[in-house]
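Spelled out, the chains give:
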Amino acid sequence: MAPSNAGVQYEPKDVKKELAALQKRAERLSKEYRGELISLEQAKRAAQRANDDAARLEQEYETARGAVSKLAASSYMTGRMETIPIITDGDPSAAIRDVTVVEHMARNNGRRIQNLQALALQAERSKQQARTKLADVRKEIDDLESQRARVKKLLAKYKPENPVKPGPGRPDGASGTKSPIIGNSMTSRMRTALQAIDGKFGPFPAVGCARPGDAQDHGQGKACDFMESTGGKLPSTSARNHGDQVAQYVINNASSLGIKYVIWRQRIYDMRSSGGWRAMEDRGSVTQNHFDHVHVSVL
């Protein structure tokens, strides 16, 4: 039978309302913290997807419940049932309450009943997931807001630098590095960080920096990717250990280098949060999930 959840109502519109309120807080943080709050953005997307899934399954459940209700009513009217089905219009997970009706319908419409019960379980799981994801967004924002005083000092120390204009030439490229640089155009802060990292850990197979058309830090000359392998392949064990050392060095020297965040092996370490690695969503490939390179962004 469908699980009972009497007295608990789930309203997708309530989740949307809270998401909208959290979105306003997130936008304020993004402006204050110079944007690209990646872990917060992915938490918001996950919450929205979970809420949309819950709303869709709720609608599918209501449609299936209506079909079963009609069948039950038809069976009663034609005299094929001795018990009136009790199918509520309220909480979907408590829609079928009469065991006799369920048994009767199961004998004659087993597949419909099974589908209805399966939908009820799916809908309930999706509702819980939506609540959990919403709590993740709230937690992420609370954490970032708790760091406001520290981040304010950090941003005061590292004033904004003008983004690099795309086009020919190298407005502020790095020279004398051990590693080949792809897109050798960057802010002076990124150049300083690149030379420090490359000087200590290079040569890398390649370092990818400016990427014209990128809407985020690569497009503004504020990020470089330190490759540990090429061709979209997973790095060797020694290369992975090397990447671990690079990422840890950047974290340890974040304050002196003006680091905003590091991404490595599908995790992000944002210097504007309370600290620690945070898992990232699956983007679909070795490179997109940062298993083959350490991404470094500066303020």
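Conventions we followed
Along each chain, residues carry numbers from 1 onward, in the same order as the chain's sequence is written. Only residues with pLDDT of 70 or above have their local features reported here, since the model is predicted, and side-chain atom pairs are shown and tallied only from 80 upward, although totals for entire chains, interfaces and linings are computed over all residues. Values shown for side chains rest on all heavy atoms present in the structure; no hydrogens or waters enter the calculation. Secondary structure elements are defined from DSSP: runs of H or I of at least 4 residues count as helices, runs of E of at least 2 residues count as strands, and each element is numbered from the N terminus. Exposure categories follow from relative accessible area, calculated using a 1.4 Å probe and restricted to protein chains: below 20% of the type maximum is buried, above 50% is exposed, and the middle band is partly exposed. Contacts are residue-level and defined by heavy atoms, with any inter-residue pair within 4.5 Å sufficient. By definition here, a salt bridge exists when the distance from a side-chain nitrogen of Lys or Arg to a carboxyl oxygen of Asp or Glu is within 4 Å. In this analysis, rings of Phe, Tyr and Trp, with Trp reduced to its six-membered ring, are considered paired at centre separations within 6.5 Å, and the interplanar angle assigns stacked below 30 degrees, edge-to-face beyond 60, and tilted for intermediate values. Definition used: whenever NZ (Lys) or CZ (Arg) falls within 6 Å of the ring centre and also within 35 degrees of the ring normal, the charge is taken to sit over that ring. Note on geometry: axes are lines fitted to C-alpha atoms, helical ones only across the stretch in contact, with angles between N-to-C directions running from 0 to 180 degrees. Here is the rule for angles: anything less than 35 degrees is roughly parallel, anything more than 145 is roughly antiparallel, 65 through 115 is roughly perpendicular, and the remaining ranges are oblique. Handedness of a crossing follows from how the near helix is turned relative to the far one, being left-handed for an anticlockwise turn of less than a right angle and right-handed for a clockwise one. Grouping buried Ala, Val, Leu, Ile, Met, Phe, Trp, Tyr and Cys residues that are joined through side-chain atoms within 4.5 Å yields what is termed a nonpolar core. A pair of strands is labelled paired if DSSP reports no fewer than 2 bridges between them. What counts as a disulfide here is a pair of cysteine sulfur atoms lying within 2.5 Å. Arc, as used here, means the arc of the directions from the helix axis to the C-beta atoms.

J.: Describe the overall build of the protein, listing the residues and the values that go with them.
T.: Check the secondary structure of the protein and you find seven helices and seven strands. Counting across all 299 residues of the protein, residues that qualify as buried make up 46%. The long-range fraction of contacts in the protein, counting pairs at least 24 apart against all pairs at least 6 apart in sequence, stands at 65%.

J.: Which residues make up the pattern of salt bridges, and what values do they have?
T.: Side chains bearing opposite charge may pair, as long as their charged atoms lie close to each other. Applying the stated rule across the entire model yields 12 salt bridges. Aspartate 143 is paired through a salt bridge with arginine 278; the nearest N and O atoms lie 2.8 Å apart. Of this pair, aspartate 143 sits in helix α3 (residues 99-146) while arginine 278 sits in strand β6 (residues 278-279), and the two are 135 residues apart along the sequence. Across this residue pair, the class does not change: aspartate 143 and arginine 278 are buried. Arginine 265 is the salt-bridge partner of aspartate 244, the closest N and O atoms lying 3.5 Å from each other. With a gap of 21 residues between them, aspartate 244 in helix α6 (residues 237-252) and arginine 265 in the loop between β4 (259-263) and β5 (267-270) connect regions that are remote in the sequence. For arginine 265, a relative accessible area of 27% gives the class partly exposed. Among the charged side chains, a salt-bridge network with shared partners connects Arg25, Asp142 and Glu145.

J.: Quick one: what's the story with the packing of aromatic side chains, residue by residue and with numbers?
T.: Here a ring pair, both rings aromatic, is described through the centre-centre distance and the interplanar angle of the planes. Counting across every chain of the model gives three aromatic pairs. Consider the rings of tyrosine 269 and tryptophan 277, whose centres lie 5.7 Å apart with planes at 85°: the pair is edge-to-face. For arginine 267, the ring lying beneath its charged end belongs to tryptophan 277, and the centroid distance is 4.2 Å.

J.: Describe in detail the packing of helix α5 (residues 188-201) against α6, supporting the description with residues and values.
T.: Contact geometry for α5 and α6: axes closest at 11 Å, N-to-C directions at 140°. One way to sum up the angle between α5 and α6 is to call them oblique. You can see that α5 and α6 cross each other, and the crossing is right-handed. Together, Ala196, Ile197, Lys200 and Phe201 of α5 and His242, Gln245, Val246, Tyr249 and Val250 of α6 make up the contact between the two elements.

J.: Requested: an account of the nonpolar core, with residues and values cited.
T.: Counting residues in hydrophobic clusters, the biggest one holds 28 residues, and the most contacted among them are Leu194, Ile197, Phe226 and Ile259. What isoleucine 259 contacts, discounting residues up to four positions off in sequence, is Ala193, Val250, Ala254, Met271, Val296, Ser297, Val298 and Leu299.

J.: Requested: an account of the sheet that holds strand β2 (residues 207-208), with residues and values cited.
T.: Spatially, β1-β2-β3-β7-β4-β5-β6 is the arrangement adopted by the seven strands of the open sheet, whose pairing is mixed. Only two strands of the sheet have a single neighbouring strand rather than two, namely β1 (181-182) and β6. Pairing geometry for β1 and β2, over two bridges, is parallel. Looking across to β2, one finds that isoleucine 182 is bridged to glycine 208.

J.: An account of the state of the cysteines is needed here, citing residue identities and associated values.
T.: Taken as a whole, this structure holds one disulfide when the rule is applied. There is a disulfide in this structure between cysteine 209 and cysteine 224, and the S-S distance comes to 2.1 Å. Disulfide cysteine 209-cysteine 224: torsion about the S-S bond near 110°, hence right-handed. Within this pair, whereas cysteine 209 is found in the loop between β2 and β3 (223-227), its partner cysteine 224 is found in strand β3, the two being separated by 15 residues in sequence. Assigned by exposure class, cysteine 209 and cysteine 224 land together as buried.

J.: Any details on helix α4 (residues 148-157)? Residues and values, ideally.
T.: Residue pairs three or four apart in sequence face the same way in an α-helix, which turns once every 3.6 residues. Buried residues of α4: Val151, Leu154 and Leu155, and no others. Projected onto a plane normal to the axis of α4, the buried residues spread over an arc of 95° and lie on a single side. Along α4, exposed side chains directed more than 90 degrees from the buried face belong to Ala149, Lys152, Lys153 and Lys157.

J.: I'd like a rundown of unusual backbone geometry, residues and numbers included.
T.: When glycine is set aside, most residues are seen to have a negative phi, and most peptide bonds are trans. Note the cis peptide between glycine 202 and proline 203, where omega equals 5°. By the secondary structure assignment, proline 203 is in the loop between α5 and β2. Within the chain, arginine 265 stands out as a residue other than glycine whose phi angle is a positive 55°. Of note, the phi angle at glutamine 266 is positive, near 60°, even though the residue is not glycine. Examined against the element boundaries, glutamine 266 turns out to sit in the loop between β4 and β5.

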